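# Descriptive analysis of the structure
Below, each chain spelled out in residue letters.
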Amino acid sequence: MPSSERADAGDLMRRTRTSRGRVSETPATGAAAVDSEPEAESVARAIALRLLTHSPRSRSQLAEAMAKKDVPEAVATKVLDRFTEVGLINDAEYAQMLVRSRQSERGLARRALALELRRKGIGSEDAEAALSSIEPEDEDEEARRGPCCAARPGLPRAWIRLGAVGV
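In short, a report on the structure. (Residues numbered from 1 in each chain as written. Predicted model: local features only at pLDDT ≥ 70, side-chain atom pairs only at ≥ 80, totals over all residues. Heavy atoms only, no water.)

### Points about the overall build of the protein
Broken down by element type, the protein carries ten helices and two strands. The linear arrangement of helices and strands in the protein, starting from the amino end, is α-β-β-α-α-α-α-α-α-α-α-α. Relative to its 167 residues, the protein shows a buried fraction of 23%. Counting only contacts in the protein whose residues sit at least 6 apart along the sequence, the fraction spanning at least 24 positions is 44%. (Helix = DSSP H or I, 4+ residues; strand = E, 2+ residues; numbered from the N terminus. Buried < 20%, exposed > 50% of the residue type's maximum accessible area, 1.4 Å probe, protein only. Contact = heavy atoms within 4.5 Å.)

Laid out in structure tokens, this is it:
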């Protein structure tokens, strides 16, 4: 390409700096020139809706996902507040659901559940309320049943404990 053509092509491009200091080139004419960067609020909304479509999430998980995509904290807080207001985010319900499912599927004890809730960013009040729904009898039954029997249903526990059957 001759140098005069390269100069003409350069005139058709606008150079701008992104938030990370990179140089971005956008056309000076056409549809791409008119389209601007999406607003931070619409990006935050899209991130939250995409994640909530797959499964319930805690407010903390959504905030973390928005931070990874460089959404300003003030914008993320505004979007998360609105989603909480309309009921799309509810950490108390999320904690209850997580405790019910983890205890019934995996037989996790109260301490393991508390740790998982903390990792998911659930506040202590919501975590305590969810953990209070665990009856001590249910926890004892799960402990007696143990993971060895869940791995091989139908076999006598003594066989598994003695190593007569490989798990």
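### Notes on a nonpolar patch on the surface
On the surface, L49, V86 and L88 cluster together into a nonpolar patch covering about 250 Å² of accessible area. Within the secondary structure, V86 sits in the loop between helix 5 (73-85) and helix 6 (91-106). Under the relative-accessibility criterion, V86 is labelled partly exposed at 46%. (Patch = residues over 30% accessible without salt bridge, like charges linked within 9 Å, V, L, I, M, F, W, Y side chains within 5 Å. Areas by Shrake-Rupley, 256 points an atom, 1.4 Å probe, with all protein chains shown as cover. Salt bridge = Lys/Arg side-chain N within 4 Å of Asp/Glu carboxyl O.)

### A closer look at the packing of helix 6 against helix 7 (residues 110-119)
Axis separation between helix 6 and helix 7 bottoms out at 10 Å; the angle between their running directions is 135 degrees. If you check the angle between helix 6 and helix 7, you find them oblique. The two elements helix 6 and helix 7 meet at a crossing, and its hand is right-handed. Mapping the contact onto sequence places A95, L98, V99, R102, Q103 and R106 in helix 6 and L113, E116 and L117 in helix 7. Among the residues forming the contact of helix 6 with helix 7, the class breakdown is five nonpolar, one polar and three charged. (Axes fitted to C-alpha atoms, helices over the stretch in contact; angles between N-to-C directions. Parallel < 35°, antiparallel > 145°, perpendicular 65-115°, else oblique. Left-handed = near helix turned anticlockwise from the far one by under 90°. Nonpolar A, V, L, I, M, F, W, Y, C, P; charged D, E, K, R; others polar.)

### Some details on helix 3 (residues 40-54)
Here helix 3 spans 22 Å end to end across 15 residues, near enough to the 21 Å set by a 1.5 Å rise per residue. Buried within helix 3 are the following residues: A44, I47, A48, L51 and L52. The buried residues of helix 3 occupy an angular sector of 120 degrees when the element is viewed end-on, so they sit on one face. Facing away from the buried surface of helix 3 by more than 90 degrees, the exposed residues are T53 and H54. (Expected span 1.5 Å × (residues − 1). Arc of directions from axis to C-beta.)

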